[in-house]
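Topology and contacts: notes
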Amino acid sequence: MKTMKVNVVTPDGPVYESDVEMVSTKAQTGELGILPGHIPMVAPLEIGAVRMKHDGKTELVAVSGGFLEVRPDTVTILAQTAETSDEIDVERAIRAKERAEQRLRERQQENVDFRRAELALQRAINRISISQGKL
Ligand code: ATP
């Protein structure tokens, strides 16, 4: 089966590199599925999972926004943060989720940044789901 190289990189360095048959993820415009030979493009990403398919298996990487760039035979994902499912510290994500939920409950108070807490909650839920093999 045809494959393409996929790289996931963050400001802290590379997180994932492999040859895969398909990459799918959530772009801001909707679900995106990339196969080898896809036309070059750039798409902004949401907080979500990047799914890499190879040899009948799917690997998941959690990303919290960024860009996906398709070039001939290469897909590069430039993410704000990225973790493979086995790198995710679930306890930490659960604590982050609880903190964010607490902030959202206190949203009547002036000093709570609602959008920031909402995004922190989304990142935490995304990490928990991916560490459980979901998405
Ligand atoms: P926290 O409040 O726990 O720091 P956060 O969503 O605010 O969570 P980020 O700012 O998205 O954290 O990420 C900061 C760094 O920590 C990044 O390098 C990211 O990959 C890493 N990171 C965050 N949460 C986790 C986690 N649950 N497991 C592993 N790495 C994590």
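Here, the structure is the one placed above.
Not measured: the values here are computed from a predicted model.

Calculation criteria
- Residues numbered from 1 in each chain as written.
- Predicted model: local features only at pLDDT ≥ 70, side-chain atom pairs only at ≥ 80, totals over all residues.
- Heavy atoms only, no water.
- Helix = DSSP H or I, 4+ residues; strand = E, 2+ residues; numbered from the N terminus.
- Buried < 20%, exposed > 50% of the residue type's maximum accessible area, 1.4 Å probe, protein only.
- Contact = heavy atoms within 4.5 Å.
- Lys, Arg positive; Asp, Glu negative; His and termini not counted.
- Charge placed at Lys NZ, Arg CZ, Asp CG, Glu CD.
- Salt bridge = Lys/Arg side-chain N within 4 Å of Asp/Glu carboxyl O.
- Near = heavy atom within 4 Å.
- Polar contact = N/O pair within 3.5 Å; in protein donor to acceptor, adjacent residues only side chain to side chain.
- Areas by Shrake-Rupley, 256 points an atom, 1.4 Å probe, with all protein chains shown as cover.
- Patch = residues over 30% accessible without salt bridge, like charges linked within 9 Å, V, L, I, M, F, W, Y side chains within 5 Å.
- Axes fitted to C-alpha atoms, helices over the stretch in contact; angles between N-to-C directions.
- Parallel < 35°, antiparallel > 145°, perpendicular 65-115°, else oblique.
- Left-handed = near helix turned anticlockwise from the far one by under 90°.

Thoughts on the overall build of the protein
For the protein, the helix and strand inventory stands at 2 helices and 8 strands. Along the chain direction, N to C, the helices and strands of the protein fall in the order β-β-β-β-β-β-β-β-α-α. When its C-alpha atoms are laid out on the principal axes, the protein stretches across 55 × 25 × 25 Å. With 135 residues in all, the protein has 41% of them scored as buried. Put simply, 49% of the contacts in the protein that link residues at least 6 apart link residues at least 24 apart. A gap of 4 Å separates the mean positions of the 19 positive and 21 negative side-chain charges of the protein.

A word on the pattern of salt bridges
Within the structure shown, the criterion is met by 7 salt bridges. Linking Arg71 and Glu69 is a salt bridge whose minimum nitrogen-to-oxygen distance equals 3.6 Å. A relative accessible area of 27% means that Glu69 is categorised as partly exposed. We note a salt bridge from Glu83 to Arg127, for which the minimum N-O separation is 2.8 Å. A residue pair is termed long-range when its members are at least 10 positions apart, and Glu83 in strand S8 (residues 82-84) and Arg127 in helix H2 (residues 114-131) qualify at 44 residues.

Some details on unusual backbone geometry
Residues other than glycine seldom take positive phi values, yet Asp55 does so here, at roughly 50 degrees. Topologically, Asp55 is positioned in the loop between strand S5 (41-54) and strand S6 (57-71). Its relative accessible area of 55% is what places Asp55 among the exposed residues. Look at Asp73: it is not a glycine, yet its phi comes out positive at around 65 degrees. Its location among the elements puts Asp73 in the loop between S6 and strand S7 (74-79).

So, the site of the ligand
Around the ligand, the structure places Asp12, Thr81, Glu83, Glu87, Ile88, Asp89, Arg92, Ala93, Ala96, Arg99, Arg123 and Arg127. In this structure, a nitrogen atom belonging to the ligand sits 2.8 Å away from a main-chain N or O atom of Asp89. A distance of 2.6 Å is found between an oxygen atom of the ligand and a side-chain nitrogen or oxygen belonging to Arg99. In isolation the ligand offers 600 Å² of accessible surface; the protein chains occlude 69% of this area. For the shell around the ligand, the elements supplying multiple residues, two or more each, are helix H1 (90-105) and H2.

So, a nonpolar patch on the surface
Side chains of Val42, Phe67 and Leu78 sit close together on the surface and give an oily, nonpolar patch of about 290 Å² of accessible area. Along the chain, Phe67 falls in strand S6.

Regarding the packing of H1 against H2
The contact between H1 and H2 brings their axes to 8 Å, and the two run at 150 degrees. The pairing of H1 with H2 is recorded here as roughly antiparallel in orientation. Both H1 and H2 take part in a crossing whose hand is left-handed. Side by side, H1 and H2 meet where Val90, Ala93, Ile94, Ala96, Lys97, Ala100, Glu101, Arg103 and Leu104 of the first sit next to Phe114, Ala117, Glu118, Ala120, Leu121, Ala124, Ile125, Arg127, Ile128 and Ser131 of the second.

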